[in-house]
Structure formats: structure tokens, C-alpha cells
Amino acid sequence: MKSCGVVAEYNPFHNGHRFQLQQAREQSGADVMVVSMSGNFTQRGEPAIYDKWLRARMALENGADLVLEQSVLGSVQASDFFAKANVRLLHQMNCNAISFGAENGTTSEFSELAEKLVASANQIDQHFQSSRNDGSTYAAQMAEAIEATIGKTAIRMNEPNNQLALSYLKENLLYSKPMQPVVIQRKGAGHNDQSGDTSKQASGTYLRTLLLNQEYANLGLWVPDASRLMQEKAVSWDTWWPYLKYQIVLKTPDQLREIYQMEEGIEFRLKKNILEAETFTTFIESVKSKRWSWVRLQRLCVYILLGITREEAVMYFKENQPVRILGFTAKGRAYLKQIKNDETTFVTNMNKFTAGKLAIEIRSDAIYTFGHGEEQNFRRSPIIIP
């Protein structure tokens, strides 16, 4: 069976995601669509609006055949490390192709550019570091570093989705048998578009705003099962704000410095501003600076909330991780049987043995339940779609 991998968060799952799965299957000629999906915490440093089980089910009902959980240390990362973790997982699953959305550009243009970026990686990094944190976004800074090194490109480098796509391709090229890239042109609103234009697919950011505010009037235009989402509890950082505040107040600066990505003395600024802030939003606003963007701070707050240390992050990337299976269709089940091997540990049900291998996930999901309520690991079995 031929397989095509997709990296996703589905936060929440919407019609644009369904379109991508359909197009990826068609363009890659895949029999099976394999999804590496962020668990209960997402790439930009936010708790997922709905838990991993609901999001996995919606994906399986709308084009995915096998949904795997990407761990919190693989999910809550800047683009290159996010790509490293997800490409690794798709290679563990023996995927023949990898598909991703992009704002512009063809598969061949992306592939050619990725090869140039790999060849010029040192020069690009030197330029990026020399101008880092000049007040512009990461995407804009990286676009400027690339253009200064290799010249203008057909790919719009200031688009976050394009940069993420290139991160996947650069990581993919490091393997002896790279997956075939399949670029899907994104349709609809941009990532942070808040317009709510009913003539096109709404952005995930806009949909989260609607769901958190319980504004459901046009929801059915953009998501495949609006009634289900309306019945579920939508959550945001506000739910975990008291727990984050407690952690920062409780820990000493020395203890905070043990947290992953705690750098440049930011722990002192966090402790200085935490008591005066009334909400998570006002706290981030008070700490944010040219060197510390909103998203970078959000990721750091996830690490603090979950108690993730530098040592844990180093160990995570040193070796392949167990593969947590969230659900599958009949095709997905057949594919799992096809690729089963002694090198990869597949986790379907949590027990004492598997819990030891997924200790960070269990701890993180336990904290997620402070706001969501439902057990996330024990007594949970993979979703099966006939």
C-alpha cells in the first residue's frame, strides 16, 4: 500500500483540511493517508481548543486513514524543530510521500529551493543571527536572510506556511530515501485572517474566536460537523492562567532556568511581571519585546506549565520515540500490519510499560485535563472508523 503523510494540528478541523487530504491522496496516488497530529498542545504554544481525540475523530471521518499523536516536545517548537519531529515520525511510518499546504509555488520550485537552502544553511544562519530580533516577525527575518544569501525566489518567503513547508523539505532531504513532496495550494483566508468572509474558507484563528465566544451562526459554512463542536467545551490559555501564574510565582529564578528554552535572563522579567498581570494576555503583552515575540513566549509558558526541562528536550531528540496511535480506518489498520517491525514501538493502549515510555505526555495531558476534564490516556483506545 502506498502512503502519504501529512503534518497537522486540526485546531480545529475544518473544510480546508478536508480539501487538503482529498487533494494529497489524489495527487500522490496514495492508498493510505497518514497524519502526524499535534496532541493537546500546539506549535504556537497554545492548549488545543479541543482535545486530541475529538480532532483525530474528525480527521478520520474526513479523509485521514491513520492519525498518530505528535508529542508535546515535537509539537511546541519553532518551525525547524517542529519539522524535524514530524518528518521523523512520518519516516518511522514508512510514508512514500509528504504533503503540505503552501501559499504559492509548485512542488518542483519548493524542491529546488529546499536543496539550495540546505547547501547554503550556514551562510543563511549567520545572516539571520546577525539581524535576529530586529522587531520584525520570525518569518520576515528569515525571508530577508534567505534573499540576502541566495537572491529572490519564486516562493514568497514571508509566508509562515511556505517557510514551514521548506522546513519539512529540508529535513526530508537528510534521509537516505526522502519522501516524495506534494504541494497543495492553500485556499481561503490566511493563517491569522479575522475577516470571516463567508465566500471563502475561514482561518483557524477566526474559527477559534467564534468557538470560544460561542458564535455559531455561520460555523457550518467552514467545518464539516458544526453541531459536534457546538456541543463540546472549547478551551484557551485563559483556562490554565491560574496554574501558570502559580508555577512562576512558586519557582525561584534558579528553578526556572532549568526549564527548556529559558534564556537571556527572561526568568527575572517573568517573575517581575507575573503578580501585576490579571490575564494571560496582559501578562504576555507586559513581557513581550523585540527579542521575545508573542509566540516564543507562549511556547516558553507551555514548557513552564508542563515542567519541561532542558534535559528532557535533549533526550527527546536523541532517539526515535514510541508511536502513539489515536485512530484508524480499515485501510489504516491494514497499513499498520504492513509496516509492523521490531524497531518501532506502537502504543495503542496505555499501561505501566507504555506509560514509562510516554511519561512527559501523561504528565502534560494530566495538566490539560485541568481545563478539559476528560482522561486523555488511560482507559482510552484508538478510534476505529469502519
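Sequence order as written defines the numbering, with residues in each chain counted from 1. Restriction of local features to residues with pLDDT of at least 70 applies here, the model being predicted, together with a cutoff of 80 or more for giving and counting side-chain atom pairs; totals for whole chains, interfaces and linings are based on all residues. Based on all heavy atoms of the structure, the side-chain values leave hydrogens and waters out of the count.

**Thoughts on the pattern of salt bridges**
- Put simply, a salt bridge is a Lys or Arg side-chain nitrogen that is within 4 Å of an Asp or Glu carboxyl oxygen. Counted under the stated rule, the structure contains 19 salt bridges.
- Ionic pairing is found between Glu61 and Arg57, a salt bridge with its closest N-O pair at 4.0 Å.
- Three exposure classes are used, based on accessible area relative to the maximum for each residue type with a 1.4 Å probe and protein chains only: buried under 20%, partly exposed in between, and exposed over 50%. Using a relative accessible area of 35% as the deciding quantity, one classes Glu61 as partly exposed.
- In this structure, Glu264 engages Arg296 in a salt bridge whose closest nitrogen and oxygen atoms are separated by 3.8 Å. Within this pair, whereas Glu264 is found in the loop between α12 (253-256) and α13 (266-274), its partner Arg296 is found in helix α15 (residues 294-306), the two being separated by 32 residues in sequence.
- On the accessibility criterion, Glu264 (44% relative accessible area) is partly exposed.
- Because the salt bridges share partners, they merge into one network encompassing Lys52, Glu69, Arg324 and Asp365. Working definition: helices are DSSP H or I runs of at least four residues, strands are E runs of at least two. Numbering for both runs from the N terminus.

**Details of unusual backbone geometry**
- In this structure, the amide linkage connecting Asn11 to the following residue, Pro12, adopts the cis form with an omega of 5 degrees.
- Looking at where Pro12 falls in the secondary structure, it is placed in the loop between β1 (3-8) and α1 (15-28).
- For Tyr10, which is not glycine, the phi torsion reads 50 degrees and is therefore positive.
- Structurally, Tyr10 can be placed in the loop between β1 and α1.
- The residue Arg379 is not glycine, and still its phi comes out positive at about 65 degrees.
- Inspection of the secondary structure puts Arg379 in the loop between α19 (359-372) and β8 (383-385).

**Regarding the pairing of strand β2 (residues 32-38)**
- Along β2, seven of the seven residues are buried, which leaves the element largely enclosed by surrounding structure.
- Both faces of β2 are covered, namely the face carrying Val32, Val34, Ser36 and Ser38 and the face carrying Met33, Val35 and Met37.
- Note: two strands are recorded as paired if DSSP finds a minimum of 2 bridges between them. In this structure, β1 lies alongside β2, joined through six bridges in parallel fashion. Bridge pairing in β2 links Ser3 to Val32.

**A closer look at the state of the cysteines**
- Note on terminology: pairs of cysteine sulfur atoms within 2.5 Å are recorded as disulfides. One pass over the structure, following the stated rule, counts zero disulfides.
- Free cysteine Cys95: the closest other cysteine sulfur is in Cys4, separated by 7.3 Å.

**Looking at the packing of aromatic side chains**
- Aromatic rings from Phe, Tyr and Trp, with only the six-membered ring used for Trp, were paired whenever their centres fell within 6.5 Å, and each pair was classed as stacked if the ring planes differed by under 30 degrees, edge-to-face if by over 60, and tilted otherwise. In this structure the tally under the stated criterion is twelve aromatic pairs.
- Between Phe100 and Phe110 the ring centres are 6.0 Å apart and the planes differ by 70 degrees, which places this aromatic pair in the edge-to-face class. Highlighted residues: Phe100 in strand β4 (residues 97-102) and Phe110 in helix α5 (residues 107-119), separated in sequence by ten residues. Residue Phe100 shares its accessibility class with Phe110, and that shared class is buried.
- Aromatic side chains Tyr206 and Trp222 sit 5.7 Å apart centroid to centroid with 85 degrees between the ring planes, which places their arrangement in the edge-to-face category. Of this pair, Tyr206 sits in helix α9 (residues 204-212) while Trp222 is found in the loop between α9 and α10 (226-231), placing the two residues 16 residues apart along the sequence.
- The buried category is assigned to Tyr206, whose relative accessible area is 17%.
- Residue Trp222 is classed as buried on the basis of its relative accessible area, which comes to 1%.
- Three or more aromatic residues joined by ring pairs make a cluster, and in this case those are Phe41, Trp240 and Tyr368.

**Digging into empty space enclosed by the protein**
- Only protein atoms enter the 1 Å grid, on which a cavity is a set of points fitting a 1.4 Å probe that cannot get out and a pocket is an open set with protein on both sides within 12 Å along at least 5 of 7 lines, lining residues being those with an atom within 4 Å of a point. Grid points are joined across faces, edges and corners, and a volume is the space filled by probe spheres set on the points. Scanning the entire structure with this criterion turns up three cavities of 30 Å³ or more.
- Looking at the largest cavity, its volume works out to about 120 Å³.
- For the largest cavity, the lining is made up of 13 residues, of which Glu69, Gln70, Ser71, Gln321 and Pro322 are closest to its centre.
- Among the secondary structure elements, those contributing two or more residues to the lining of the largest cavity are β3 (66-70) and α4 (79-92).
- Tallying contributions element by element places α4 first for the lining of the largest cavity, with four residues.
- Counted as a void, the second largest cavity has a volume near 40 Å³.
- Sorting the residues of the lining of the second largest cavity by element identifies β3, α3 (72-75) and α19 as the ones contributing at least two each.
- Class assignment of the residues belonging to the lining of the second largest cavity gives a composition of two nonpolar, six polar and three charged. As a working rule, the residues Ala, Val, Leu, Ile, Met, Phe, Trp, Tyr, Cys and Pro are called nonpolar, Asp, Glu, Lys and Arg charged, and the rest polar, with Gly in that last group.

**A look at the environment of Cys4**
- Here Cys4 shows up in strand β1.
- Judged by relative accessible area, which is 0%, Cys4 ranks as buried.
- As a C-alpha pair, Cys4 and Arg333 span 329 residues in sequence and 15 Å in three-dimensional space.
- Any two residues whose heavy atoms approach within 4.5 Å are treated as being in contact. Once residues lying within four places of it in the same chain are set aside, the contact partners of Cys4 are Ala24, Ser28, Ala30, Val32, Met33, Val34, Cys95, Ala97, Ile98 and Ser99.

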